[in-house]
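# Close look at the chain arrangement
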Amino acid sequence: YCTNYNLFGMAQAVELREVFEFLKADRDDVRKMAAQGLSLLSGDAVKLPALTSLLTSDPAMIETLIGLLSVKSHTTLGDILTTFINCAADASCAEAFSRNRVVQRAMRLLDALEASDLSATTLPVYKEMTLMLLNNLTASNVIAIQDLLQLEDEDLAGYFVTRLSMLYARHSATEHVSEQRDLRKWFLQISLNLTRTPDGQRTLLTEDWPSQLLETLNESPNPMLRFLSAQCLNNCAATPANHVAIVESTAVSAILRRLSKGLEAQPTQMVLAEFLASMMQSEPGMNCLEGINSRRFLVAVAEGKIDASGGDEEVRNAVDPEVAEFIKHHILPFLDEIQDAYMQEEE
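First, a word on scope: everything that follows refers to the structure included in this document. The structure displayed is predicted, hence computed values, not measured ones. (Residues numbered from 1 in each chain as written. Predicted model: local features only at pLDDT ≥ 70, side-chain atom pairs only at ≥ 80, totals over all residues. Heavy atoms only, no water.)

## Section: the packing of helix 17 (residues 251–260) against helix 20 (residues 294–302)
Viewed as axis vectors pointing N to C, helix 17 and helix 20 meet at an angle of 30°, and their least axial separation amounts to 10 Å. Between helix 17 and helix 20, the crossing angle belongs to the class labelled roughly parallel. Here helix 17 runs over helix 20; the crossing is left-handed. From helix 17, Leu256, Leu259 and Ser260 reach across to helix 20, where they touch Ser294, Phe297, Leu298 and Val301. (Axes fitted to C-alpha atoms, helices over the stretch in contact; angles between N-to-C directions. Helix = DSSP H or I, 4+ residues; strand = E, 2+ residues; numbered from the N terminus. Parallel < 35°, antiparallel > 145°, perpendicular 65-115°, else oblique. Left-handed = near helix turned anticlockwise from the far one by under 90°. Contact = heavy atoms within 4.5 Å.)

Printed below as a string of structure tokens:
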């Protein structure tokens, strides 16, 4: 016989392995109490190291948790996801999870949740928690990023990224979503994690993500979503090899427009300016900036002036002084140099 009190007391003491055994019990109420005990432990900063140590040293414990990472185990799913999320914040544990294919299992769970008939109150919670798990894994472990990219499998390469893009688009079309549970921020945060690696940047730029990011940047009323989208594009722009794809996506003109019209406040303003500075590091990027007469707009921004033309209904923000200085010192000198070079060639 098992109760919340004695089970959690056992977990608090030393018998963590026995708690995992309870997760395999035939009775649903016993499994649920064991899952609750682990969930509570994982949320305790003092006791968490004992749990992560067990998980990193014994793959069988991870397999036990993975076995309950399923819609069929919906009575324990919330607690199991909580345990995974909290433990994945530990880099060593995240690596152990990746070695045991938790990323792949989480993606399958996400698809299963999309097709499930769980209640309208429960389903969004489980979706958000699954995305939080993927975020924690990819934020702290390169193996998890590679698992999500699937580049080692020629047939599946980019499949998970495509799925995330499709799910993001589906949630973007949901008008009644609240900012408190806007799942799009987690999709974008995962994408941001992927763009911290060259492979992740290339994969995102060859999928549907550039158009999704630009649509969010141009149309979302949520400043956090616009900030995350700008960060993703900025990370991609930091690699000159990506500039041809970025130019083809029309991101440069869209970002120049938002910066010059004051459509973003800090910290997004600086991210947009950094993006343009990065685009100066390649010939395609410089040609693009010249082709849209960016210097005229950027000189005005550096002087603290906002382009009020066009009748946009969006809120206009003053140019942040740090952004103005950044443009003066890191962008305009390059544009001046390019213009002088072209003048000399014409002479």
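## Overview of the packing of aromatic side chains
All chains considered together, the criterion is met by four aromatic pairs. Here the aromatic rings of Tyr168 and Phe187 are separated by 6.1 Å at their centres, their planes lie at 80°, and the arrangement is edge-to-face. Highlighted residues: Tyr168 in helix 11 (residues 159–172) and Phe187 in helix 12 (residues 184–194), separated in sequence by 19 residues. Given the relative accessible area of 0%, Tyr168 is considered buried. Judged by relative accessible area, Phe187 falls into the buried class, the value being 2%. Judged by centre distance (5.2 Å) and plane angle (50°), the ring pair of Tyr168 and Trp209 falls under tilted. (Phe/Tyr/Trp six-rings, centres within 6.5 Å; stacked < 30°, edge-to-face > 60°. Buried < 20%, exposed > 50% of the residue type's maximum accessible area, 1.4 Å probe, protein only.)

## With respect to the side chain of Gln104
Mapped onto the secondary structure, Gln104 falls in helix 8 (residues 102–115). Setting aside chain neighbours within four positions, we find Gln104 in contact with Asp147 and Phe160.

## Some points on the nonpolar core
Soluble globular proteins: nonpolar side chains tend toward being buried together. One finds Leu55, Phe97, Phe275, Leu276 and Ile327 to be the most contacted residues of the largest nonpolar core, which totals 104 residues. When near neighbours in sequence (up to four residues on either side) are disregarded, Ile327 contacts Leu259, Ala273, Leu298, Val301, Ala302, Leu332 and Pro333. (Core = buried A, V, L, I, M, F, W, Y, C linked by side-chain atoms within 4.5 Å.)

## What to know about the packing of helix 6 (residues 74–88) against helix 9 (residues 122–140)
Each packed pair of helices is defined by two parameters, the angle between the axes and the distance between the axes. It is at 9 Å that the axes of helix 6 and helix 9 come closest, and there the two elements cross at 20°. Of the possible angle classes, the one that applies to helix 6 and helix 9 is roughly parallel. Note that helix 6 runs across helix 9; the crossing there is left-handed. Here His74, Leu77, Gly78, Leu81, Thr82, Phe84, Ile85 and Ala88 of helix 6 lie close against helix 9, whose contacting residues are Tyr126, Met129, Thr130, Met132, Leu133, Asn136, Leu137 and Ser140.

## A look at a negative patch on the surface
On the surface, Glu152, Asp153, Glu154 and Asp155 cluster together into a negatively charged patch. Relative to the helices and strands, Glu154 is located in the loop between helix 10 (142–149) and helix 11. In this structure Glu154 comes out as exposed when scored by relative accessible area, which is 77%. (Patch = residues over 30% accessible without salt bridge, like charges linked within 9 Å, V, L, I, M, F, W, Y side chains within 5 Å. Areas by Shrake-Rupley, 256 points an atom, 1.4 Å probe, with all protein chains shown as cover. Salt bridge = Lys/Arg side-chain N within 4 Å of Asp/Glu carboxyl O. Lys, Arg positive; Asp, Glu negative; His and termini not counted. Charge placed at Lys NZ, Arg CZ, Asp CG, Glu CD.)

## Side note on unusual backbone geometry
For the bond from Gln266 to Pro267, the omega torsion is 5°, close enough to zero to count as cis. Structurally, Pro267 can be placed in the loop between helix 17 and helix 18 (268–279). For Arg101, which is not glycine, the phi torsion reads 65° and is therefore positive. Counting through the fold element by element, Arg101 comes out in the loop between helix 7 (91–99) and helix 8. With a phi angle near 60°, Gln150 is a residue other than glycine that sits in the positive phi range. Among the secondary structure elements, Gln150 is positioned in the loop between helix 10 and helix 11. A residue is classified by how much of its surface remains accessible, and Gln150, at 11% relative accessible area, is buried.

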